[in-house]
Amino acid sequence: MKNITHEGRVVKVDGREVTVCFIQNSACSGCHAKGICSSQDQAEKMVVADSQGVEYAVGEKVNIIVSNEVAWTAVVLAFIVPLIIAFIALFVTVPLAGELTGCLVTLGVLAIYYLVLFTQRNKMNRKVVFTLSR
């Protein structure tokens, strides 16, 4: 499987922790008309990676690498699982309690799911490993 790579610039070095700033482009960044579009589809992101004993300097260009497996896990947790939860909640509650109640229950269940996901973010952050290369 292919890893996901972004080019970034080192903004801070603190022992083994290296903070890297990079521009995350939206999916339409490969479009032939991207030059005339606004740059609102780009966001500046910061990640902290382990230097793994390699010395980096502030301002140095590096590549940030994350495994494809981690990216797919994020997609599943953020989009696919909530979609399945929403369908189950709707199909169970609408016949029993009506459309309005079914929609409200579905929104409530999704809110609880995302709240649980939010509370577990530190545990998930430990599983997401960014590596750096020159």
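Not measured: the values here are computed from a predicted model.

**Quick word on the overall build of the protein chain**
Part 1 of the reasoning: Within the protein chain, the regular secondary structure consists of three helices and five strands.
Part 2 of the reasoning: Secondary structure elements of the protein chain, listed N to C terminal, follow the sequence β-β-β-β-α-α-α-β.
Part 3 of the reasoning: Scored against the burial criterion, the 134 residues of the protein chain give a buried share of 19%.
Part 4 of the reasoning: Restricting to contacts in the protein chain with at least 6 residues of sequence separation, those with at least 24 account for 70%.
Part 5 of the reasoning: For the protein chain, the exposed surface amounts to about 9,700 Å²; the carbon and sulfur share of it is 63%.

**Looking at the nonpolar core**
Part 1 of the reasoning: Val10, Val18, Val20, Phe22, Val47, Ala49, Tyr56, Val62, Ile64 and Leu132 form the largest nonpolar core, which has 10 residues in total.
Part 2 of the reasoning: Elements with a minimum of two residues in this core: β2 (17-25), β3 (42-50) and β4 (61-66).
Part 3 of the reasoning: At three residues, β2 tops the list of elements feeding residues into this core.
Part 4 of the reasoning: Every residue in contact with Val62, bar those within four places of it in the chain, is listed here: His6, Glu7, Gly8, Val10, Val20, Tyr56, Leu132 and Ser133.

**Description of the environment of Val18**
Part 1 of the reasoning: By the element assignment, Val18 lies in strand β2.
Part 2 of the reasoning: Separated by 31 residues in the primary sequence, Val18 and Ala49 place their C-alpha atoms 5.3 Å from one another.

**Observations concerning a nonpolar patch on the surface**
Part 1 of the reasoning: The grouping of Trp72, Val75, Val76, Phe79, Ile80, Ile84, Ile88, Val92 and Leu96 at the surface amounts to a nonpolar patch, some 890 Å² of accessible area in total.
Part 2 of the reasoning: Residue classification places Val75 among the partly exposed residues on the basis of a relative accessible area of 31%.

**Considerations on the pairing of β4**
Part 1 of the reasoning: Burial of the side chains of β4 is restricted to one face: Val62, Ile64 and Val66 are buried, whereas none of Lys61, Asn63 and Ile65 on the reverse face is.
Part 2 of the reasoning: Bridge count for strand β1 (residues 4-14) against β4 is six bridges, and the pairing is antiparallel. When the bridges of β4 are listed, His6 appears paired with Ile64.
Part 3 of the reasoning: In the sheet, β4 pairs with strand β5 (residues 131-133) via three bridges, with the strands oriented antiparallel. Its bridge partner lying in β5, Ile65 is registered against Thr131.

**A few points about the environment of Val129**
Part 1 of the reasoning: Among the structural elements, Val129 can be located in the loop between α3 (121-127) and β5.
Part 2 of the reasoning: Separated by 80 residues in the primary sequence, Val129 and Ala49 place their C-alpha atoms 7.2 Å from one another.
Part 3 of the reasoning: Discounting chain neighbours no more than four positions away, the residues touching Val129 are Ile65 and Val66.

**Things to note about the confidence of the model for the protein chain**
Part 1 of the reasoning: On average, residues of the protein chain carry a pLDDT of 82, and 84% of them reach 70 or more.
Part 2 of the reasoning: For the protein chain, β3 is the element with the lowest average pLDDT, namely 73, and helix α2 (residues 99-119) is the one with the highest, namely 96.

**Focus: helix α1 (residues 68-97)**
Part 1 of the reasoning: When the terminal C-alpha atoms of α1 are compared, their 42 Å separation across 30 residues agrees well with the 44 Å that a helix rising 1.5 Å per residue should span.
Part 2 of the reasoning: Within α1, the full set of buried residues consists of Asn68, Pro82, Ala86, Ala89 and Thr93.
Part 3 of the reasoning: Phi turns positive, to about 100 degrees, at Gly98, one or two residues after α1.

The rules behind each value
- Residues numbered from 1 in each chain as written.
- Predicted model: local features only at pLDDT ≥ 70, side-chain atom pairs only at ≥ 80, totals over all residues.
- Heavy atoms only, no water.
- Helix = DSSP H or I, 4+ residues; strand = E, 2+ residues; numbered from the N terminus.
- Buried < 20%, exposed > 50% of the residue type's maximum accessible area, 1.4 Å probe, protein only.
- Contact = heavy atoms within 4.5 Å.
- Areas by Shrake-Rupley, 256 points an atom, 1.4 Å probe, with all protein chains shown as cover.
- Core = buried A, V, L, I, M, F, W, Y, C linked by side-chain atoms within 4.5 Å.
- Patch = residues over 30% accessible without salt bridge, like charges linked within 9 Å, V, L, I, M, F, W, Y side chains within 5 Å.
- Salt bridge = Lys/Arg side-chain N within 4 Å of Asp/Glu carboxyl O.
- Pairing = 2+ DSSP bridges.
- pLDDT = per-residue confidence, 0-100.
- Expected span 1.5 Å × (residues − 1).

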